[in-house]
Amino acid sequence: MKTTFITAIAFLFSLNFQAQNVNIKETTKTTVTTVKNSDGDKKFTKNENVREVQNIELKDVKPNTLNTEMKESPTQSTITTKITTPNGTATSTNVKQSSYYLINGNKYLLNQDGSGYVLSSGNKKSALLRKTSTDSYVYISKNKTAVGHFDAEGNLIVETYDNKSDKVITETYLITKK
C-alpha cells in the first residue's frame, strides 16, 4: 500500500516536468476614455489582449548534443478586444491576425492588413477579405466576388452565388495548426 501511494505521488509530480512545445506571449493594453457631459463623467474601458502562439521546432538535431537551434516557425496571433461601457455592459470580439487554412489540398495563409485580411498561397495573393457592417467579409479574388465569415471553430466559410444553377455554393477553408 505504501509503495502504491509513493508511486502515485511520483507520477503526479512527474506530470509537471514535461517539456513545453510552444512559445506563448500575451500582452494586455488597457485604455480608459472619460466622457464629460451634463450627466457627469462616464468612463469607457477598452482592454485589448494580444496572444501570440508559436510552435517550437528544432533545426537538425544531432545525437548527443545539448543545445540545438530553433527553426523559424509561423506565429498565430489572436487579438481579443473587450469594451466596457459606464453602465457595466461589456462586448468582446476575437480577431485572428494570421492563420493557416486548408482547402482542396492547398494551404493558404490569412494575414491581417489595414482594411481586413489577405489570403495568400506562397508569395501570391489569392484573395482579399474586406469587413462589412454585418460581421461578415466581402471575398474578392481574380475570378469571383463572394461573402465570407468565420464559424465558431475559426474556419473561413465563403459563399458564392451561381447564376446557372440559381444556388449558393459554400466553400470551407479549414483552419490548421501550422
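The following refers to the structure shown. (Residues numbered from 1 in each chain as written. Predicted model: local features only at pLDDT ≥ 70, side-chain atom pairs only at ≥ 80, totals over all residues. Heavy atoms only, no water.)

**Concerning the overall build of the protein chain**
- Of the regular secondary structure elements, the protein chain holds one helix and 13 strands.
- Starting at the N terminus, the α and β elements of the protein chain follow one another as α-β-β-β-β-β-β-β-β-β-β-β-β-β.
- Burial status across the protein chain gives 21% buried among its 178 residues.
- Summed over all atoms, the accessible surface of the protein chain reaches about 13300 Å², with 52% contributed by carbon and sulfur. (Helix = DSSP H or I, 4+ residues; strand = E, 2+ residues; numbered from the N terminus. Buried < 20%, exposed > 50% of the residue type's maximum accessible area, 1.4 Å probe, protein only. Areas by Shrake-Rupley, 256 points an atom, 1.4 Å probe, with all protein chains shown as cover.)

**A few points about the layout of surface pockets**
- Of the pockets and cavities examined, the second largest pocket occupies roughly 330 Å³.
- Contributing to the lining of the second largest pocket are 16 residues, with Tyr108, Ser126, Tyr139, Ser141 and Asn143 lying nearest its centre.
- When contributions to the lining of the second largest pocket are tallied by element, the ones reaching two or more residues are β7 (106–113), β8 (116–121), β9 (124–131), β10 (137–141) and β13 (167–176).
- Of the residues contributing to the lining of the second largest pocket, the split by class is five nonpolar, six polar and five charged. (1 Å grid on protein atoms, 1.4 Å probe; cavity = no way out; pocket = protein on both sides within 12 Å on 5 of 7 lines; lining within 4 Å. Points joined across faces, edges and corners; volume = space filled by probe spheres on them. Nonpolar A, V, L, I, M, F, W, Y, C, P; charged D, E, K, R; others polar.)

**Here's the deal with the pattern of salt bridges**
- Across all of its chains, the model carries three salt bridges by this definition.
- Note that Glu26 and Arg51 form a salt bridge whose closest N and O atoms lie 2.8 Å from each other. Here Arg51 lies in strand β2 (residues 40–55) and Glu26 lies in strand β1 (residues 22–37), a separation of 25 residues in the sequence.
- Judged by relative accessible area, which is 45%, Glu26 ranks as partly exposed.
- Here Asp113 and Arg130 are joined by a salt bridge, their closest N and O atoms 3.1 Å apart. Residue Asp113 is found in strand β7, and its partner Arg130 is found in strand β9; the two are separated by 17 residues along the sequence. (Salt bridge = Lys/Arg side-chain N within 4 Å of Asp/Glu carboxyl O.)

**Some thoughts on a nonpolar patch on the surface**
- On the surface, Phe5, Ile6 and Ile9 cluster together into a nonpolar patch covering about 290 Å² of accessible area.
- Tracing the backbone shows Ile6 in helix α1 (residues 2–15). (Patch = residues over 30% accessible without salt bridge, like charges linked within 9 Å, V, L, I, M, F, W, Y side chains within 5 Å.)

**Things to note about the nonpolar core**
- Core analysis: the largest hydrophobic core is formed by 14 residues, its most contacted members being Leu110, Leu119, Leu129, Tyr139, Leu156, Val158 and Tyr173.
- At the level of secondary structure, the elements contributing two or more residues to this core comprise β6 (90–103), β7, β8, β9, β10 and β12 (156–162). (Core = buried A, V, L, I, M, F, W, Y, C linked by side-chain atoms within 4.5 Å.)

**What to know about the packing of aromatic side chains**
- The full count for this structure, using the stated rule, is five aromatic pairs.
- Positioned over the ring face of Tyr100 is Lys107, at 4.8 Å from the centre of the ring. (Phe/Tyr/Trp six-rings, centres within 6.5 Å; stacked < 30°, edge-to-face > 60°. Lys NZ or Arg CZ within 6 Å of the ring centre and 35° of its normal.)

**Notes on unusual backbone geometry**
- One non-glycine residue with positive phi stands out, namely Asn64, at about 60°.
- Relative to the elements of secondary structure, Asn64 occurs in the loop between β3 (57–58) and β4 (70–71).
- Its identity as a non-glycine residue notwithstanding, Asp166 has a phi of 55°, on the positive side.

None of the figures reported here should be taken as evidence of function without further support.
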